[in-house]
Amino acid sequence: MQNLIASSVKYENGSLSVLDQYLLPHQQVWHQCHDVETMKELIISLKVRGAPLIGLSASLLVAYLAEQGVVKGELEKAINELEATRPTAVNLMHCMTALRKALTQSDYVAGIVTTAERLFIEDIELCERMASRGAELINSGDNILTHCNTGALATAGIGTALGVIYKAQQKYGNVHVWVNETRPLLQGGRLTAFELERWKIPYTLICDNMAASLMAAGKVDKIVVGADRIAANGDFANKVGTYNLAVLAYFHNIPFYVVAPITTLDTNTACGDDIEIEQRNPQEVRGVSGSFGEALWAPTNANVYNPAFDITPAKLVTGWVLDTGVYNQQQVLMGKLKELTQ
Ligand SMILES: CSC[C@H]1O[C@H](OP(=O)(O)O)[C@H](O)[C@@H]1O
């Protein structure tokens, strides 16, 4: 397999390693990963995270194992186990389905390696195309609110929603970003802030519950978010708290865009109600010390509701920014997304 290097995953000189996103921004720790159990733990604990990135990282591991001579049955088992790590982000299923297909080839090792390389390189290109299309929607001086982390850390390229912001800043040099910290795991406050600082893009970090008053004060010009799965009717799953923003944007008449690659489309799923929402460890909400230690602020036995994602209905979306184009409600209502995957 060729060397493949991105912000948070790299296959270099025969070795696969991933950047521990749970420890960012204060520690930059790379973990070597050459077995299924390690990759499963990295994905489940969100050390490896971001809809496109979890699929690509899992694919690179399967390709590594194939090149190491792991037998076909064990490769199939690896694909199945990696696919089961997180149920919502369809990019993971997209990648594992592509690898399963490669496994049916006579030279399945070459097939798997070529497929993993293609998926990785394609994602870089998809990010570029999404970001360029989305940047055309941004105006000079816009104050853009975003949620969770959708940058280079979550993809093989420059990101999805954050890639749009990156390109808009390249175009105008004067955008500002409101960064939702994104409870409970703070992907916004930790990772998006980290990336915007690296890109020298001005931002202001806010608690998730501050977004509404900013919109009421007219301080938010646009909202751009990522997605983990977009259903055939345009409803989509994204980090919990996205639906809040969509309702607020609708009330305040603020343009609300979802930005995702075509690999996030799942037109076999009819609508948002049919998307499985991952339920996560209650400790994440109770507040943890270090790596899942005792609860920091909530009572240790507090009952917790901790869905990783929520569903935003298509009727609240101004536009879907994909690598193939920007689509409005009417186009999506007329079945454009299904057409794209025919
Ligand atoms: C381009 S990443 C898309 C999506 O993935 C994130 O979820 P997680 O941090 O749990 O992996 C978040 O929902 C992003 O919007």
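This one's a predicted model, so the numbers in the text were calculated from it and none came from an experiment.

1. Looking at the packing of aromatic side chains
Any pair of aromatic rings gets described here by the distance separating the centres and the angle formed by the planes.
Part 1 of the argument: The tally for this structure, following the rule as stated, stands at two aromatic pairs.
Part 2 of the argument: Considering the side-chain rings of Tyr166 and Trp199, the 4.5 Å spacing of their centres and the 50 degrees angle between planes classify their relative orientation as tilted. Of this pair, Tyr166 sits in helix H6 (residues 161–172) while Trp199 is found in the loop between helix H7 (187–198) and strand S7 (203–206), placing the two residues 33 residues apart along the sequence.
Part 3 of the argument: Directly above the ring of Trp30 sits Lys10, whose terminal nitrogen or CZ lies 4.2 Å from the centroid.
Part 4 of the argument: Sitting over the ring of Phe309, Lys239 keeps its end group 4.2 Å from the ring centre.

2. Describing the packing of helix H1 (residues 36–44) against helix H2 (residues 51–67)
Part 1 of the argument: It is at 11 Å that the axes of H1 and H2 come closest, and there the two elements cross at 175 degrees. As far as their axial angle goes, H2 and H1 are roughly antiparallel. Side by side, H1 and H2 meet where Val36, Met39 and Ile43 of the first sit next to Ile54, Ser57, Ala58, Leu61 and Leu65 of the second.
Part 2 of the argument: Grouping the constituent residues of the contact of H1 with H2 by class yields seven nonpolar, one polar and no charged.

3. What about the site of the ligand?
Part 1 of the argument: The environment of the ligand is made up of 18 residues, and the closest members are Arg49, Arg86, Asp228, Asn238 and Lys239.
Part 2 of the argument: Interatomic distance of 3.4 Å between a backbone N/O atom of Ala51 and an oxygen atom of the ligand.
Part 3 of the argument: The side chain of Gln187 places a nitrogen or oxygen atom 3.0 Å from an oxygen atom of the ligand.
Part 4 of the argument: Computed on the free molecule, the ligand has an accessible area of 400 Å², of which 99% lies beneath the protein chains in the complex.

4. With respect to the UniProt feature "binding site: substrate" (unreviewed entry) in the protein
Part 1 of the argument: When the UniProt feature table is mapped onto this chain numbering, "binding site: substrate" (unreviewed entry) sits at Arg49, Gly50, Ala51, Arg86, Gln187, Asn238 and Lys239.
Part 2 of the argument: Along the chain, Gly50 turns up in the loop between H1 and H2.
Part 3 of the argument: Along the chain, Ala51 falls in helix H2.
Part 4 of the argument: Overall, the relative accessible area of 7% leaves Ala51 in the buried class.
Part 5 of the argument: With residues near it in sequence (within four places) discarded, Ala51 still touches Ala89, Asn91, Ala227 and Asp228.

5. As for the sheet that holds strand S2 (residues 9–12)
Part 1 of the argument: Pairing in this open sheet of four strands is antiparallel, and the strands run S1-S2-S3-S4 from one edge to the other. Either end of the sheet is taken by a strand with one partner, and the two such strands are strand S1 (4–5) and strand S4 (30–32).
Part 2 of the argument: Strand direction decides the pairing type here: S1 and S2, joined by two bridges, are antiparallel. Within the sheet, the bridge partner assigned to Leu4 lies in S2 and is Tyr11.
Part 3 of the argument: Against the sheet, H2 contacts S1, S2 and strand S3 (15–19), and its axis sits at roughly 20 degrees relative to S2.

6. Brief notes about unusual backbone geometry
Part 1 of the argument: A cis amide bond links Leu24 with the next residue in sequence, Pro25, at an omega value of 10 degrees.
Part 2 of the argument: Residue position: Pro25 is located in the loop between S3 and S4.
Part 3 of the argument: Residue Arg183 is joined to Pro184 through a cis peptide bond whose omega torsion reads 0 degrees.
Part 4 of the argument: Looking at the secondary structure, you find Pro184 in the loop between strand S6 (176–180) and H7.
Part 5 of the argument: With a phi close to 60 degrees, Cys148 is a non-glycine residue in the positive phi region.
Part 6 of the argument: In this structure, Cys148 sits in the loop between strand S5 (143–146) and H6.
Part 7 of the argument: With a relative accessible area of 6%, Cys148 lands in the buried category.

7. So, the confidence of the model for the protein
Part 1 of the argument: Looking at the protein, the pLDDT average stands at 96 and 98% of residues meet or exceed 70.
Part 2 of the argument: Confidence metrics for the complex model read pTM 0.97 and ipTM 0.98.

8. Observations regarding the side chain of Thr242
Part 1 of the argument: By the secondary structure assignment, Thr242 is in helix H9 (residues 242–252).
Part 2 of the argument: A polar side-chain atom of Thr242 sits 2.6 Å from the main-chain carbonyl oxygen of Lys239.

What counts as what
- Residues numbered from 1 in each chain as written.
- Predicted model: local features only at pLDDT ≥ 70, side-chain atom pairs only at ≥ 80, totals over all residues.
- Heavy atoms only, no water.
- Phe/Tyr/Trp six-rings, centres within 6.5 Å; stacked < 30°, edge-to-face > 60°.
- Helix = DSSP H or I, 4+ residues; strand = E, 2+ residues; numbered from the N terminus.
- Lys NZ or Arg CZ within 6 Å of the ring centre and 35° of its normal.
- Axes fitted to C-alpha atoms, helices over the stretch in contact; angles between N-to-C directions.
- Parallel < 35°, antiparallel > 145°, perpendicular 65-115°, else oblique.
- Contact = heavy atoms within 4.5 Å.
- Nonpolar A, V, L, I, M, F, W, Y, C, P; charged D, E, K, R; others polar.
- Near = heavy atom within 4 Å.
- Polar contact = N/O pair within 3.5 Å; in protein donor to acceptor, adjacent residues only side chain to side chain.
- Areas by Shrake-Rupley, 256 points an atom, 1.4 Å probe, with all protein chains shown as cover.
- UniProt positions renumbered as here; feature names shortened; annotations may be inferred.
- Buried < 20%, exposed > 50% of the residue type's maximum accessible area, 1.4 Å probe, protein only.
- Pairing = 2+ DSSP bridges.
- pLDDT = per-residue confidence, 0-100.

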